[in-house]
Amino acid sequence: MTDTVAAKIPVTVLTGYLGAGKTTLLNRILTEDHGKRYAVIVNEFGEIGIDNDLVVGADEDVFEMNNGCVCCTVRGDLIRVVAGLMKRQRPGKPAFDAIIVETTGLADPGPVAQTFFVDEDVKAKTQLDSVTALVDAKHVMARLDDSKEAREQVAFADRIILNKTDLASEAELIAVEQRLRKLNPLAPITRAERANVPLDQVLGLGGFDLERILDINPEFANPAHGEVGHVHDEHCGHDHHDHDHGHDHGHDGDHHHGARGHAHNDDIKGVSLSLDRPLNGVKFTNWLDRLLGEQGQNILRAKGIIDVQGEDRRMVFQAVHMILEGDLQREWGATERRWSRAVFIGRDLDEAALKAGFEACAA
Amino acid sequence: MSFTFDAQITAALFDNSGAIFTLGDGSVRFEDGSYNAVHDGAILCAAVHPSGDGVVTGGDDGRVIWSRKTEAGVLATSVNGQWIDSIDASPESKLIAFSSGKTLSVIDATDVYFRRDYAHERTVSGVAFDPKGRRIAASTYGGCALWYARIEKQKPTMLKWAGSHTGVAFSPDGNFVVTMMQDAQLHGWRLKDSKDMRMGGYPSKVRSVAFLSNGQLMATSGAQGAVLWPFIGANGPMGREATEIGYDEGSLVTLVAARPKHGVLAAGLSDGRVWWADPAGQGLNFVKADRGAPIAALALSPDGRLVAWADEDGNAGVVEA
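Parameters at a glance
In this numbering scheme, every chain counts its residues from 1 along its sequence in written order. Whichever chain is written first is A, and whichever ligand is written first is 1; the rest continue in order. The predicted nature of this model means local features are confined to residues of pLDDT at least 70 and side-chain atom pairs, given and counted, to a pLDDT of 80 or more, with totals for whole chains, interfaces and linings taken over all residues. Computation of side-chain values covers all heavy atoms of the structure but excludes hydrogens and water. Helix axes are fitted to C-alpha atoms over the stretch in contact, other axes to C-alpha atoms as well, and angles between N-to-C directions run from 0 to 180 degrees. Numbering goes from the N terminus for both helices and strands, where a helix is a DSSP run of H or I of at least four residues and a strand is a run of E of at least two. Comment on the angle field: the value is read as roughly parallel under 35 degrees, roughly antiparallel over 145, roughly perpendicular from 65 to 115, and oblique elsewhere. Pairs of residues are marked as contacts when any of their non-hydrogen atoms sit within 4.5 Å. Polar here means any residue other than Ala, Val, Leu, Ile, Met, Phe, Trp, Tyr, Cys and Pro, which are nonpolar, and Asp, Glu, Lys and Arg, which are charged; Gly is therefore polar. Strand pairing follows a simple DSSP-based rule, namely that at least 2 bridges must link the two strands. Identification of polar contacts relies on pairs of N or O atoms within 3.5 Å, with a donor-acceptor requirement for protein atoms, meaning one able to donate a hydrogen and the other able to accept it, and with residues adjacent in sequence counted only if both atoms are side-chain atoms. Summed over both partners, the accessible area (1.4 Å probe) lost when two parts come together is defined as the buried area. Salt bridges are defined as contacts in which a side-chain nitrogen from Lys or Arg sits within 4 Å of a carboxyl oxygen from Asp or Glu. Burial classes follow relative accessibility: with a 1.4 Å probe on protein chains only, a residue under 20% of its type's maximum area counts as buried, one over 50% as exposed, and anything between as partly exposed. By nonpolar core we mean a set of buried residues, namely Ala, Val, Leu, Ile, Met, Phe, Trp, Tyr and Cys, connected to one another through side-chain atoms within 4.5 Å. A clockwise turn of the near helix away from the far one marks a right-handed crossing, whereas an anticlockwise turn of less than a right angle marks a left-handed crossing.

### Some remarks on the packing of helix 9 (residues 281-295) of chain A against helix 10 (residues 351-359) of chain A
Residue and element names in this part refer to chain A. With their axes 9 Å apart at the nearest point, helix 9 and helix 10 run at an angle of 150° to one another. Taken together, the axes of helix 9 and helix 10 lie roughly antiparallel to each other. Contacts between helix 9 and helix 10 involve Phe284, Trp287 and Leu291 from the former and Leu354, Gly357 and Phe358 from the latter. Counted by class, the contact of helix 9 with helix 10 contains five nonpolar, one polar and no charged residues.

### A closer look at the sheet that holds strand 2 (residues 9-15) of chain B
All names here are of chain B. Ordered by their spatial adjacency, four strands build an open sheet running 2-3-4-5, and the pairing between neighbours is antiparallel. Only two strands of the sheet have a single partner each, and these edge strands are strand 2 and strand 5 (35-37). Mean inter-strand twist for the sheet, computed between neighbouring axes without regard to direction, equals 15°. With three bridges joining them, strand 4 (residues 27-30) and strand 5 adopt antiparallel strand pairing.

### Some points on the side chain of Gln154 of chain B
Residues and elements named next belong to chain B. Relative to the assigned elements, Gln154 resides in the loop between strand 15 (135-148) and strand 16 (157-170). A polar side-chain atom of Gln154 sits 3.2 Å from a polar atom in the side chain of Tyr118. A distance of 2.7 Å separates a polar atom in the side chain of Gln154 from the backbone oxygen of Tyr148. Ignoring any residue separated from it by four or fewer positions in sequence, one finds Gln154 in contact with Tyr118, Trp147 and Tyr148.

### Some details on unusual backbone geometry
Positioned with a positive phi, His321 of chain A is a non-glycine residue whose angle comes to about 50°. If you trace the backbone, His321 of chain A turns up in the loop between strand 13 (313-320) and strand 14 (323-331).

### Some words on the interface of chain A and chain B
Taken together, the contact pairs 30 residues of chain A with 42 residues of chain B. Both faces combined, the contact of chain A with chain B buries some 2,800 Å², and carbon together with sulfur accounts for 44% of it. Our enumeration of links across chain A and chain B arrives at nine salt bridges. If you look at where chain A meets chain B, you find 15 residue pairs in polar contact (both at pLDDT 80 or more). Counting residues per element, the ones that place at least two in the side of chain A that touches chain B are strand 5 (62-64), helix 2 (76-86) and helix 4 (120-125) of chain A. With six residues, the single largest contributor to the side of chain A that touches chain B is helix 2 of chain A.

### Notes on the sheet that holds strand 25 (residues 265-269) of chain B
Residues and elements named next belong to chain B. Taken together, four strands build an open sheet; the order of strands is 24-25-26-27 and the sheet is antiparallel. Of all the strands in the sheet, just strand 24 (253-258) and strand 27 (285-288) have a single pairing partner and so form its edges. For this sheet, the mean angle separating the axes of adjacent strands, direction not counted, is 25°.

### Some words on the pairing of strand 15 of chain B
Residue and element names in this part refer to chain B. Taking burial as the measure, the 14 residues of strand 15 include 11 buried ones, the bulk of the element. Bridge count between strand 14 (residues 124-129) and strand 15: five bridges; the pairing is antiparallel. Note on strand 15: the bridge partner recorded for Ala128 is Ala137. Adjacent in sequence and paired antiparallel, strand 14 and strand 15 are bridged by five residues, among which Gly133 carries a positive phi angle near 75°. In this structure, strand 15 lies alongside strand 16, joined through five bridges in antiparallel fashion. Each residue of the ladder has a partner; that of Leu146, found in strand 16, is Thr157.

### A closer look at the nonpolar core
Residue and element names in this part refer to chain A. Among the nonpolar cores identified, the biggest contains 64 residues, and Ile41, Leu85, Ile99, Val101, Phe116 and Leu180 are the most heavily contacted of them. Considering each element in turn, this core owes the most residues, six residues, to helix 2. If you look at the next biggest cluster of nonpolar residues, it comprises 23 residues, including Leu275, Ile299, Ala302 and Phe358.

### Brief notes about the packing of helix 2 of chain A against helix 3 (residues 109-118) of chain A
Residues and elements named next belong to chain A. Between helix 2 and helix 3, the least distance of the axes is 9 Å, while the angle of their chain directions is 50°. With respect to helix 3, the axis of helix 2 lies oblique. Judged by the twist between their axes, the crossing of helix 2 over helix 3 is right-handed. Between helix 2 and helix 3, the residues in contact are Leu78, Ile79 and Val82 and Val112, Thr115 and Phe116, respectively. Residue composition of the contact of helix 2 with helix 3, by class: five nonpolar, one polar and no charged.

Laid out in C-alpha cells, this is it:
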C-alpha cells in the first residue's frame, strides 16, 4: 500500500448582486458539453441532478469560531455539505472536477472563503480556486451606491465579470470599470453579455493559489495606465489594443471618474503599495501580523509579493480578514524586476498610514 | 478477512451476524460478501438496527433505510428530502433518531405510525440516545438540545456553550453529555446541574469518542495518541487530567472504538495503522501494522474481540484483536 495524495478539488465561489446573471452563468456551466462533473452548492434547496452534476442546497449557516475574533466566521453548512460530497469520492478519484458555491445576492463572501482556510477537514480535501463576482453593467453603479454588500462582493473578488455590457454605452462601461478597479485593484475585469464568458475564465483560475498570485494579474499593484503613479515595466511592453486585463488605458481624455475618485465616496477601496528596496523580513511579518490583528475586520482581502533582504525567493502572502497564509515561493527570475508589492482592500483604510508602515519595513 | 471497495467507506459496524460496511455509492456490504445497493447517493451515517439485525442508514437521498442481508426497506424520509446527517438507534427503547437540516426526527422500529419531528434554530450535527433510549441529545451551533424521545409537544432542555458542536455522546450512566467541537476541543455537561466541563488541548478536531471500562473511561481521537478521560464518581472528568496512550508523533488518531462493557480500545490512525489495547495492561497490539491511507471507519465487535476497519482508499478488513 502506498500513501496516496488525492488531488484537492477546486472550489469556485460565485457571487454577485441579485439580477447580475449568476443563474445564467450557472445554467451554462451545468448544461455546456464540457465532460466535467461539477457539484453546485446553492441557497435554494433542491437536489437536482443534471447528468453528471449535482446541485445541493445550502442554508447560509454562518458561525463564529471560538477564538473570540468576530471576523473569523465560517459557513457551517458548507463544512457539512463538502464533507458529504467527499463521501461520494471513489478511491483515488476526486468526487467532482470542481465545486461551485453560489452565494445569494446579499451574502458576504468572507465567511465562505474563510471556511476553506479554517476547517481542517475541508482544507484537506478542497482548495479555494477563486471568488468570482458578477456585476450588472447597467445597474452596478446604483448598487454600489446603496448597498454595502454589493461593494463588499466586488472588493472580495479575484475576478469580476462585467455582465450585460450590451445594455451600457462604452463610456458607461469605462466609468464602471474605473470604479470597480478603485474598489478592487486586484481583480481582472472581463466583459460579458448574458454571462457569455469562457468557462476557463471562471473555473480553474488559482486566485487563492499563492504561487499564482502574480500570474493572475501581473499589474495588480500598479495603477492603471493614465493614472497617477503608473509604472511601466516589462508587463506593459505589449500592444495596448490587445489588452485582456480590461484595465483602463486612460486614452479617452474624458476622465471625470479618474484616479482621485472624488465622484464616489466609497467606504471600501484598494490601497496599492510598492517599494523598490528590499524589506526586512522580520519587520514586515510583524507589521503585517499587527495590521491584520488590529484592522483585520476591515481588511477584506490582501495579497502581496515581497522582496525580502537576504532571500533569493519571493515571499508571497494573502489574507482574508485576519486569516493569513504566506510562504517563500520560487526564486526571483534573472531578468525579473525585484520589488515588493502589496494590495490591501478594505473599509476605511488609512492609505497614508499603510504606506508609512509598509515603507518603514525597508531593510 | 480483507476487502477492497470501489467507493468511500463511510461507516463500519457490527450487527448480530458480523461486520458491516456502508459506502459512498449507497451500498451496504456485509462481511460474508452479500450486499444491498440501497441509497441513491452516499450513505452519510449508520447505526445498528435496534433489533441488532442489520443496519439503519441515512443518505444524501434523504432516506432512512433498514438493510439486512436479504432485504432492505425505507423506514422514513426527511422533510424536504434533505440529507440525513446523523443517526442513532436504541436497542432499549427500539427508537431510531436521525437529523436532517435543522430537524431531529424520531421513529419507532416496532410501530410504523410513530414519528416525531423536532425543530431547532440551527442545523443539527449529531444525535445520541441516552442509555435507556428515552432522551435524545442533539448537538447544534451554540450547544446541545435534550429532547424526550416520545413526547409530541415539548420544549427541549438547552445545554448552552458558545461555538459549533459537531457531534454528541451520552455517558453510559446517563449522567453526562459530551460534544465534539469545531475548534479541536470537547465540551461536556453534568446533567443534574448543567455544570460545564471543558476538555481541550487537542492538536486536531475530535471526530470520535467511545466509552469503555463500564463507562469509567472515555477515549477520544484528535491527538497523537488516544486520549482517555476518567468518568468516575459524581464529578466525572471535572478537575482531573486526561491520559494518553499510544502516543506517536508521526501520526494522529483519527477514530476510536470501544464497548462500555469491556476494557479494551481500538484506534485508527492517520497513517493507516490500527491498534487494539487494554489501557490497564501494557503496550499496543497493531492489528493493522502496514501504513496507508487514513483510517476512515472503525468498529469494535460487541464482545470486544474483533476490529473492523476501513481506510480512505477503499480497503477494509475484519481482524481478531
